[in-house]
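Coordinate inspection notes
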Amino acid sequence: TQLLEQSPQFLSIQEGENLTVYCNSSSVFSSLQWYRQEPGEGPVLLVTVVTGGEVKKLKRLTFQFGDARKDSSLHITAAQTGDTGLYLCAGGNPGAGSYQLTFGKGTKLSVIP
Amino acid sequence: NAGVTQTPKFQVLKTGQSMTLQCAQDMNHNSMYWYRQDPGMGLRLIYYSASEGTTDKGEVPNGYNVSRLNKREFSLRLESAAPSQTSVYFCASTLGRGSLYNEQFFGPGTRLTVL
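Now for a look at the structure at hand. Please read all numbers here as calculations on a predicted model, not as lab measurements. (Residues numbered from 1 in each chain as written. Chains lettered and ligands numbered in written order. Predicted model: local features only at pLDDT ≥ 70, side-chain atom pairs only at ≥ 80, totals over all residues. Heavy atoms only, no water.)

What follows covers the overall build of chain A. In terms of helices and strands, chain A carries zero helices and eleven strands. For chain A, the N- to C-terminal ordering of α and β elements is β-β-β-β-β-β-β-β-β-β-β. Computed over C-alpha atoms, the radius of gyration of chain A comes to 14 Å, within 12% of the 13 Å expected from 2.2 N^0.38 for 113 residues, which places it in the range of a compact globule. Taking the principal axes of its C-alpha atoms as reference, chain A extends roughly 45 × 30 × 20 Å. A total of 113 residues make up chain A; the buried ones form 43% of that total. Within chain A, the 9 negative side-chain charges are centred at a point lying 4 Å from the centre of the 9 positive side-chain charges. (Helix = DSSP H or I, 4+ residues; strand = E, 2+ residues; numbered from the N terminus. Rg over C-alpha atoms; globule rule 2.2 N^0.38 Å. Buried < 20%, exposed > 50% of the residue type's maximum accessible area, 1.4 Å probe, protein only. Lys, Arg positive; Asp, Glu negative; His and termini not counted. Charge placed at Lys NZ, Arg CZ, Asp CG, Glu CD.)

Take the sheet that holds strand 1 (residues 4–7) of chain B next. Residues and elements named next belong to chain B. Across the sheet, four strands lie side by side as 1-3-8-7; this open sheet has antiparallel pairing. On the outer flanks of this sheet lie strand 1 and strand 7 (64–68), each paired with one strand and no other. When strand polarity is set aside, the average angle formed by the axes of neighbouring strands in this sheet is 20°. Of the pairings in the sheet, the one linking strand 7 to strand 8 (residues 74–78) comprises five bridges and is antiparallel in character. Residue pairing across strands places Val66 opposite Leu76, the latter belonging to strand 8. (Pairing = 2+ DSSP bridges. Axes fitted to C-alpha atoms, helices over the stretch in contact; angles between N-to-C directions.)

Further remarks concern the interface of chain B and chain A. With 24 residues of chain B in contact, the opposing surface of chain A contributes 22 residues. Taken over both partners, the interface formed by chain B and chain A buries close to 1800 Å², and the fraction arising from carbon and sulfur atoms is 55%. By the criterion of area lost to chain A, the three top residues of chain B are Leu43, Tyr101 and Asn102 of chain B, representing 27% of everything that side buries. Where chain B packs against chain A, one counts zero salt bridges. (Contact = heavy atoms within 4.5 Å. Buried area = accessible area lost by both parts, 1.4 Å probe. Salt bridge = Lys/Arg side-chain N within 4 Å of Asp/Glu carboxyl O.)

With that settled, consider the pattern of salt bridges. All names here are of chain A. Enumeration over the complete set of coordinates arrives at five salt bridges over all chains. The partner of Glu54 in a salt bridge is Lys56, and the shortest N-O contact between them spans 3.9 Å. Owing to a relative accessible area of 17%, Glu54 belongs among the buried residues under this scheme. Asp83 is paired through a salt bridge with Arg60; the nearest N and O atoms lie 2.9 Å apart. Taken together, the residues Asp83 in the loop between strand 8 (71–76) and strand 9 (85–92) and Arg60 in the loop between strand 6 (55–58) and strand 7 (61–65) connect sequence positions 23 residues apart.

All names here are of chain A. Scanning the model with the defined rule gives two disulfides over all chains in all. Two residues share a disulfide in this structure: Cys23 and Cys89, whose sulfurs sit 2.0 Å from each other. Its S-S torsion of approximately 80° makes the covalent link between Cys23 and Cys89 right-handed. Taken together, the positions of Cys23 in strand 3 (residues 19–24) and Cys89 in strand 9 put the pair 66 residues apart, joining distant regions of the chain. (Disulfide = S-S within 2.5 Å.)

Residue and element names in this part refer to chain A. With respect to the helices and strands, the residue Ser73 is situated in strand 8. Taking relative accessible area as the criterion, Ser73 reaches 16% and is therefore assigned buried. If we ignore the near neighbours within four places in the chain, the residues touching Ser73 are Thr20, Val21, Tyr22, Trp34, Thr62, Phe63 and Gln64.

Structure, rendered in structure tokens:
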């Protein structure tokens, strides 16, 4: 069974601060996705990383996939209140017609004005 | 495009009652999924349908049944609701066969309370 561990589980920071969220596994994934879920809504895909060592930027968000494709991080620069939400990482191995994703339990981020 | 739609948005049941959660997608996706989300437990897969005509159990299938009615629609049925099934239920879809990364698109969720 593949597992994804996210840390921290909860994070409360002041507006303008920087933060990093981690997603770790003992298993290799061919792709890793990050989703954001706002209260009362479903998760929304932010980014997919597929190459070991890959770095992708989405405005103030920087996503990195580990060299061994077992871990990933999300760094937010100068957090804003609009960044508040639950951040989920999900690993995929679309072989054998499975098309399932393994989800981490999430990091709940609160950005205080 | 509406994406993934779910009905109802909220539901309260008494123990032992039955109900069906409806899900539809208009993205011509092949694969569809039902998850439940509980505090501290993350998203747990209940059932999925890799393609029209097929369904398979996920991590927590007990107490649920599913029907892939056609390519667009995937319903989740609770035959005899129990308080342990109080949760938020999400339907999701992905292109599936032909997709490199299985990026999933989620509906807005159904908030179910079983008394």
